[in-house]
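Architecture and fold: a report
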Amino acid sequence: MRRPVAIVTALVLFGEAVGIVLINAVLATVAENQNMSLAGMDPDAMSTGTWVMGGVSGLLLVLCGLTALVAGIRDRAPGRVGRIALIGCAVVHGVLGAVTVGLVGWAAFAFMMVVLALLVLTLLAYGPETRTDDAADGDTAAPAAV
């Protein structure tokens, strides 16, 4: 069950990366065409910052998607850096889900929570392996004689 979940998580993150880049491209184009500024900031800086933010966000989502995809294909837990990246991605989706419910609506909140659930399920499915009974028996101390 964990392989399909990791692969679906990767595909959803790849789709979300494309969506984030497209949304930021539209915002950058609108900011540039309307000559918009915020508190006197240069409109070109606003447009460039939006392009950079879209590219960086898309790249990070693709990297998290690749981490989940490699874990699903190999059927092995991601390494320490991969787990940290997936945990960070899950935290960002949780926070953005809380923000989007007020700004965008319940549909966006539901999407963010589905992605969060997929990330958490992937992390839990590839969590630390449980110890075997043989190793656990050797670690317990015998009761002291009275």
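For the structure, see preceding data.
Summary of the structure given here. Just so we're clear, the structure is a prediction, and the values are computed from it rather than from any experiment.

Bringing the overall build of the protein chain into the picture now. For the protein chain, the helix and strand inventory stands at 5 helices and 0 strands. Ordering the α and β elements of the protein chain from the N terminus gives α-α-α-α-α. For the protein chain, the proportion of its 146 residues judged to be buried stands at 29%. Contacts spanning at least 24 positions in sequence make up 69% of the contacts within the protein chain whose residues lie at least 6 apart. Carbon and sulfur atoms provide 71% of the accessible area of the protein chain, an area that totals close to 9,500 Å².

Glancing now at the pattern of salt bridges. A full pass over the atoms with the stated rule returns 1 salt bridge. Arg2 is paired through a salt bridge with Asp75; the nearest N and O atoms lie 3.0 Å apart. Of the two residues, Arg2 sits in helix α1 (residues 2-33) while Asp75 sits in the loop between α2 (43-74) and α3 (80-103), which places them 73 residues apart along the sequence.

It is worth spelling out the nonpolar core at this point. Core analysis: the largest hydrophobic core is formed by 11 residues, namely Leu13, Ala17, Leu61, Cys64, Leu86, Cys89, Ala90, Val115, Leu116, Leu119 and Leu123. Of all elements in the fold, only α1, α2, α3 and α4 (106-125) reach the threshold of two or more residues within this core. In contact with Leu86, not counting residues within four places along its chain, are Cys64, Thr67, Pro78, Leu119 and Leu123.

With that out of the way, let us pick up the side chain of Glu16. Checked against the element boundaries, Glu16 lands in helix α1. Although buried, Glu16 forms no salt bridge, and the nearest oppositely charged side chain, Arg83, lies 18 Å from it. At a separation of 2.8 Å, a polar atom in the side chain of Glu16 contacts the side chain of His93. When sequence neighbours within four positions are dropped, the list of residues in contact with Glu16 reads Leu61, His93, Phe111, Met112 and Val115.

Together, Val52, Val56, Leu59, Leu60, Val62, Leu63 and Leu66 line one region of the surface with nonpolar side chains, adding up to about 580 Å² of accessible area. Residue classification places Val52 among the partly exposed positions, given a relative accessible area of 49%.

Take α2 next. Compared with an ideal rise of 1.5 Å per residue, which puts 32 residues at 46 Å, α2 spans 46 Å between its outermost C-alpha atoms and is within 8% of the ideal. Positioned one or two residues after α2, Asp75 has a phi angle of 55 degrees, which is positive.

Calculation criteria
Residues numbered from 1 in each chain as written. Predicted model: local features only at pLDDT ≥ 70, side-chain atom pairs only at ≥ 80, totals over all residues. Heavy atoms only, no water. Helix = DSSP H or I, 4+ residues; strand = E, 2+ residues; numbered from the N terminus. Buried < 20%, exposed > 50% of the residue type's maximum accessible area, 1.4 Å probe, protein only. Contact = heavy atoms within 4.5 Å. Areas by Shrake-Rupley, 256 points an atom, 1.4 Å probe, with all protein chains shown as cover. Salt bridge = Lys/Arg side-chain N within 4 Å of Asp/Glu carboxyl O. Core = buried A, V, L, I, M, F, W, Y, C linked by side-chain atoms within 4.5 Å. Lys, Arg positive; Asp, Glu negative; His and termini not counted. Polar contact = N/O pair within 3.5 Å; in protein donor to acceptor, adjacent residues only side chain to side chain. Patch = residues over 30% accessible without salt bridge, like charges linked within 9 Å, V, L, I, M, F, W, Y side chains within 5 Å. Expected span 1.5 Å × (residues − 1).

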